[in-house]
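# Structural overview
In case you want the letters, here they are:
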Amino acid sequence: MTKILLTLLLERGNLDVAIRQSLLKQASKLVQAWRSQIDEYRQNKQPFYLLYENSQGQELQYTVRYAEPRFFDKRFYLMIWCEETEDVENLIPDLPELWHNRNLIFDKICSIVPASGEWREGLDYLKVYLHFRGWMVKSYQRRQDDLEDEMIGDVRQVVRQVVNEFWLIREVARYWEDCVIVSPESLRDRLKEKLFTLCQLYDVNTKS
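Below, the structure is looked at part by part. Bear in mind the structure is a predicted one, so any value in this text is a computation, not a measurement.

Strands sit in the order β7-β8-β6-β9 across an open sheet of 4 strands; the sheet is antiparallel. At either end of the open sheet lies a strand with only one pairing partner, and these are β7 (146–152) and β9 (179–183). Going across the sheet, the axis of each strand differs from the next one's by a mean of 25 degrees, ignoring polarity. As judged from the 6 bridges shared by β7 and strand β8 (residues 155–162), these two strands associate in the antiparallel manner. Looking at the pairing, Ile-152 lines up with Val-155 of β8. Sheet contacts for helix α5 (residues 165–175): β6 (126–132), β8 and β9; angle to β6, the most-contacted strand, approximately 5 degrees. Running over the sheet, helix α6 (residues 185–201) touches β6 and β9 and is turned about 135 degrees from β9.

Here it is in structure tokens:
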């Protein structure tokens, strides 16, 4: 309840600078409290229930069997393995390997309480083959999830354990033609869909 009130005040309240700064500090302490509690659960291998408010304002409950902080795009997120899959089955129907993984923002966590059952050891993942070309051959820096890294002709092939398709596609899009998803086909198709949508938005003719 404290978190909800703070959020409402910060988003809708007509506050002066001093009060807003005070509320922001309180919100920061709540986030740190969640991180400390989750770290304790991780150390004790304690499953937990997590109530989360997503970007659309929906409250979702997850039964968490594994959790770890991950650093994406200059920010820490909480990656979890949860029992629930209904909220993503329609979003990524072609990637069932990743249905149990979630990528959460710490300050969107509403509550956490212990749960019974077994703790897992790790997230689910897809094994993805990437080809880096051109300037990226020398510029690419290895990531913690990279399994293999070798030169094949003038292409640098990287094999990676991918736990979240959103961040991979965002990375690949940043490098344009100098990074190509070779496999699996399901992930190539997701990127193709986004490219076709972009072409339609910018009136680019494509062959279907």
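Still more ground to cover, so stick around.
Looking now at the side chain of Ser-186. Within the element layout of this structure, Ser-186 appears in helix α6. Not counting chain neighbours up to four residues away, the residues in contact with Ser-186 comprise Asp-94 and Leu-95.

This part takes up unusual backbone geometry. Here the residue pair Ser-183 and Pro-184 is connected by a cis peptide bond, since its omega of 10 degrees sits within 30 degrees of zero. Within the fold, Pro-184 resides in the loop between β9 and α6. For Lys-45, which is not glycine, the phi torsion reads 55 degrees and is therefore positive. Considering the arrangement of structural elements, one finds Lys-45 in the loop between α2 (17–44) and β1 (48–53). What makes Lys-45 partly exposed here is its relative accessible area of 48%.

What follows is about α5. Within α5 the residues assigned to the buried category are Glu-165, Trp-167, Leu-168, Ile-169, Glu-171, Val-172 and Tyr-175. Among the residues of α5, the N-terminal cap falls to Asn-164, whose side-chain oxygen and the backbone nitrogen of Phe-166 are separated by 3.1 Å. Positive phi appears at Trp-176, one or two residues downstream of α5, with a value of about 55 degrees.

Along the chain, Asn-101 falls in strand β4 (residues 101–104). Among the polar contacts listed, one links the side chain of Asn-101 to the backbone oxygen of Val-163, at a separation of 3.1 Å. Setting aside chain neighbours within four positions, we find Asn-101 in contact with Met-79, Ile-80, Trp-81, Leu-123, Asp-124 and Val-163.

Between α5 and α6, the least distance of the axes is 11 Å, while the angle of their chain directions is 60 degrees. As far as their axial angle goes, α6 and α5 are oblique. The handedness of the crossing between α5 and α6 comes out as right-handed. Counted together, Glu-165, Leu-168, Ile-169 and Val-172 of α5 and Leu-187, Arg-190, Leu-191 and Lys-194 of α6 form the full contact between these two elements. Within the contact of α5 with α6, the residues separate by chemical class into 5 nonpolar, no polar and 3 charged.

Judged by pairing direction, the sheet is antiparallel, and its 5 strands sit side by side in the order β4-β3-β2-β1-β5 without closing on themselves. A strand with exactly one partner marks an edge of an open sheet, and here the two such strands are β4 and β5 (109–114). Averaged over all adjacent pairs, the angle separating strand axes in this sheet is 40 degrees, with direction ignored. Bridge count for strand β2 (residues 59–72) against strand β3 (residues 75–82) is 8 bridges, and the pairing is antiparallel. Across the sheet, residue Val-64 finds its bridge partner in β3, namely Cys-82.

Here we take up the pattern of salt bridges. One pass over the full model with this rule turns up 16 salt bridges. A salt bridge links Arg-160 to Asp-146; the nearest nitrogen and oxygen atoms lie 3.0 Å apart. On the criterion of sequence distance, the pair formed by Arg-160 in strand β8 and Asp-146 in strand β7 is long-range, its members being 14 residues apart. The closest approach of N and O atoms between Lys-192 and Glu-185, which form a salt bridge, is 3.5 Å.

What counts, and where the lines are drawn
Residues numbered from 1 in each chain as written. Predicted model: local features only at pLDDT ≥ 70, side-chain atom pairs only at ≥ 80, totals over all residues. Heavy atoms only, no water. Pairing = 2+ DSSP bridges. Helix = DSSP H or I, 4+ residues; strand = E, 2+ residues; numbered from the N terminus. Axes fitted to C-alpha atoms, helices over the stretch in contact; angles between N-to-C directions. Contact = heavy atoms within 4.5 Å. Buried < 20%, exposed > 50% of the residue type's maximum accessible area, 1.4 Å probe, protein only. Polar contact = N/O pair within 3.5 Å; in protein donor to acceptor, adjacent residues only side chain to side chain. Parallel < 35°, antiparallel > 145°, perpendicular 65-115°, else oblique. Left-handed = near helix turned anticlockwise from the far one by under 90°. Nonpolar A, V, L, I, M, F, W, Y, C, P; charged D, E, K, R; others polar. Salt bridge = Lys/Arg side-chain N within 4 Å of Asp/Glu carboxyl O.

Note that every value here comes from positions in space, so none of it alone points to a role or purpose.
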